[in-house]
Amino acid sequence: MAIINIRSFAGLRGEVTPPSDKSISHRAVMLSAIADGKSSIRNFLYAHDPVSTLKAMRSLGITIEEEGGRGGIVVYGRGLRGLSEPSDVIDCGNSGTTMRLISGILSGSQFFSVLTGDSSLRSRPMARVIEPLRQMGAKISARQSGKYAPIAINGGGLKAIDFSMPVASAQVKSCIMLAGLYAEGTTTITEPLKSRDHTETILCSMGSSVKVDGLTASVCGSGELSPIDITVPSDFSSAAFFMAAALMVKGSELLIKNVGINPTRTGLLDAISKMGAEVELIDKRHVSGEPIADILCRTSSGLKGASIDSDLMPSMIDEFPVLCILAAMADGVTEIRGAAELRVKESDRIKAMAEGLSAMGVEFLEHEDGLSIHGCNDMKPARIKSYGDHRIAMAFAVAALASGCSVDIDDTECVDISFPGFFGILKELAS
Ligand code: S3P
């Protein structure tokens, strides 16, 4: 339990550099591990989730050394077929990205391995990766007839498939692409809407034969991957909490630095623009194949309710909790639909947000695939259940700051999953 009672009288001002991108950190380590030689990663995110990936790759025989501090690491890749059988179960902690992406690599690796995770991860759907991996020829079993972790894999002997994904998910897409690296032939994956494409970008920089044509990505099996030298930008999803806070807190002018602005991630910018708010993207540039910018956020003079297009959802999937807070502080009703995937994240985020908003006195209508939230200018102090979900805890800390109400959030340590030090930085910016 932590009571969040952060007031800001002068607004959020100055500069902040959010932590490094979680999705890119996972992929940089995994792909470097199966590349042929030594890769260097700058700004690796030392938070619980990517550290689960780092430990997993070490347990598969990969040497990873810290270099030069500040998230500098060197990964001694052993090639596609150089991983060794782990001597124990691999614990993916809370990280869906670790479990789903690594299951693609392990399906192509000729040994036995078992993946497990914490109680949240063990209740998240895994059939979405297990079924296509089985179609590729992997021998996989999992709890409840192949639905939930632990997952046991006897890898090897994969063949390419053409796979049409029922839901837009970068984790599923990346899993199949990684398995495709080991398969005979060309694997193609088509998604219903575009999800984040960091795997494709890194694979391209490694000389892989990955091709992207609209919503279809393809990868050829068996080509070796060249090592990389990669700098990880700041995470748009972590920046989003500061962005939202600055838009809502009076007197704010905050520069959020070095943020990844890959269009597959920035749906929140379109959503806030529909709500009548703008941010400025300054000094747009590219780092390691990813577009980045500094984001200048000033207090918005009047956030208004809007209907958020469900097609935007994949590009703002992790921003749903903080968007709900913006909606609660806006004038009128904001309808957020097409978000059914949020029910199977680290927690049921629709339910967790509904409960927390209700505790703060906000009115809403809950849908199976989202929330219609009535803006409220009279939020009240509340006790909030985070359900151990980092983004729920951070969203309600922003709600406390924006509304001036103190909130008592349980299990606040969960923010270490993606953003160690979050509360301290928010407090400092607000003071
Ligand atoms: C991620 C993809 C998204 C996102 C998650 C990270 C990734 O999940 O919610 O936090 O790194 O690929 P889905 O692909 O399941 O939507």
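Fair warning: this is a prediction, and the values are worked out from it, not measured in the lab. (Residues numbered from 1 in each chain as written. Predicted model: local features only at pLDDT ≥ 70, side-chain atom pairs only at ≥ 80, totals over all residues. Heavy atoms only, no water.)

Caption draft 1: Molecular detail of the sheet that holds strand β7 (residues 112–116). Strand order across the open sheet formed by four strands is β6-β7-β9-β8, with mixed pairing between neighbours. One side of each edge strand has no neighbouring strand; the edge strands of this open sheet are β6 (90–91) and β8 (139–142). By the bridge criterion, four bridges tie β7 to strand β9 (residues 148–154) in an arrangement that is antiparallel. Looking across to β9, one finds that L115 is bridged to I151. Strands β8 and β9 of the sheet are contacted by helix α4 (residues 127–135), whose axis makes an angle of about 155 degrees with β8. (Pairing = 2+ DSSP bridges. Helix = DSSP H or I, 4+ residues; strand = E, 2+ residues; numbered from the N terminus. Contact = heavy atoms within 4.5 Å. Axes fitted to C-alpha atoms, helices over the stretch in contact; angles between N-to-C directions.)

Caption draft 2: Inspection of the environment of S109 at higher detail. Its place among the elements puts S109 in the loop between α3 (96–108) and β7. Considering only alpha carbons, one finds S109 and K194, 85 residues apart in sequence, at a separation of 28 Å. With residues near it in sequence (within four places) discarded, S109 still touches L83, G155, G156 and Y182.

Caption draft 3: Molecular detail of the pattern of salt bridges. As enumerated under the stated definition, the model contains 24 salt bridges in all. As a salt-bridge pair, R349 and E346 come within 3.0 Å of each other at their nearest N and O atoms. In this structure R349 comes out as buried when scored by relative accessible area, which is 0%. Here E346 falls in the buried class, since its relative accessible area comes to 11%. In the salt-bridge network here, residues are joined through shared partners; they are R124, R196, D318, E346, R349, D389 and R391. (Salt bridge = Lys/Arg side-chain N within 4 Å of Asp/Glu carboxyl O. Buried < 20%, exposed > 50% of the residue type's maximum accessible area, 1.4 Å probe, protein only.)

Caption draft 4: Structural view of the site of the ligand. Surveying the vicinity of the ligand reveals the residues K22, S23, R27, T97, R100, S169, A170, Q171, R196, I317, D318 and K345. With respect to the ligand, the side chain of T97 contributes an N or O atom lying 3.4 Å from an oxygen atom. Summarising the interface, the protein chains cover 96% of the accessible area of the ligand, which totals 380 Å² for the free molecule. It is helix α1 (residues 22–33) that provides the largest number of residues to the shell around the ligand, a total of three residues. Residues belonging to the shell around the ligand are distributed by class as follows: two nonpolar, four polar and six charged. (Near = heavy atom within 4 Å. Polar contact = N/O pair within 3.5 Å; in protein donor to acceptor, adjacent residues only side chain to side chain. Areas by Shrake-Rupley, 256 points an atom, 1.4 Å probe, with all protein chains shown as cover. Nonpolar A, V, L, I, M, F, W, Y, C, P; charged D, E, K, R; others polar.)

Caption draft 5: How the structure looks around the pairing of strand β17 (residues 290–298). Along β17, eight of the nine residues are buried, which leaves the element largely enclosed by surrounding structure. Inspection of the sheet shows strand β15 (residues 253–260) paired to β17 by six bridges, in the antiparallel sense. Bridge pairing links I256 to I295 in β17. Direction of pairing for strand β16 (residues 280–287) relative to β17: antiparallel, over a ladder of six bridges.

Caption draft 6: Main features of the domain arrangement of the chain. Splitting the chain by domain gives domain 1 (2–20 + 233–430) and domain 2 (22–220). With centres defined by C-alpha atoms, the gap from domain 1 to domain 2 works out at 28 Å. Taken together, the contact pairs 26 residues of domain 1 with 26 residues of domain 2. At the boundary of domain 1 with domain 2, total buried surface from both sides reaches about 2100 Å², with 52% on carbon and sulfur atoms. Counting every contact that joins domain 1 to domain 2 gives three salt bridges. Residue R124 pairs with E346 through a salt bridge whose shortest N-O separation is 3.9 Å. (Domains from an automatic or database assignment. Buried area = accessible area lost by both parts, 1.4 Å probe.)

Caption draft 7: Seen up close, the nonpolar core. With 85 residues, the main nonpolar core has I256, L326, F396 and F422 as its most contacted residues. Apart from the residues within four sequence positions on either side, F396 is in contact with I325, A352, M353, G356, L357, M360, I384, V407 and I409. If you look at the next biggest cluster of nonpolar residues, it comprises 65 residues, including I62, L83, A149 and F163. (Core = buried A, V, L, I, M, F, W, Y, C linked by side-chain atoms within 4.5 Å.)

Caption draft 8: Seen up close, helix α12 (residues 390–403). Its 14 residues place the ends of α12 20 Å apart at the C-alpha level, agreeing with the 20 Å of an ideal helix rising 1.5 Å per residue. Across the 14 residues of α12, 13 count as buried, placing the element largely inside the fold. For α12, the N-terminal cap is D389; the gap from its side-chain oxygen to the backbone nitrogen of R391 is 3.0 Å. Positioned one or two residues after α12, G404 has a phi angle of 75 degrees, which is positive. (Expected span 1.5 Å × (residues − 1).)

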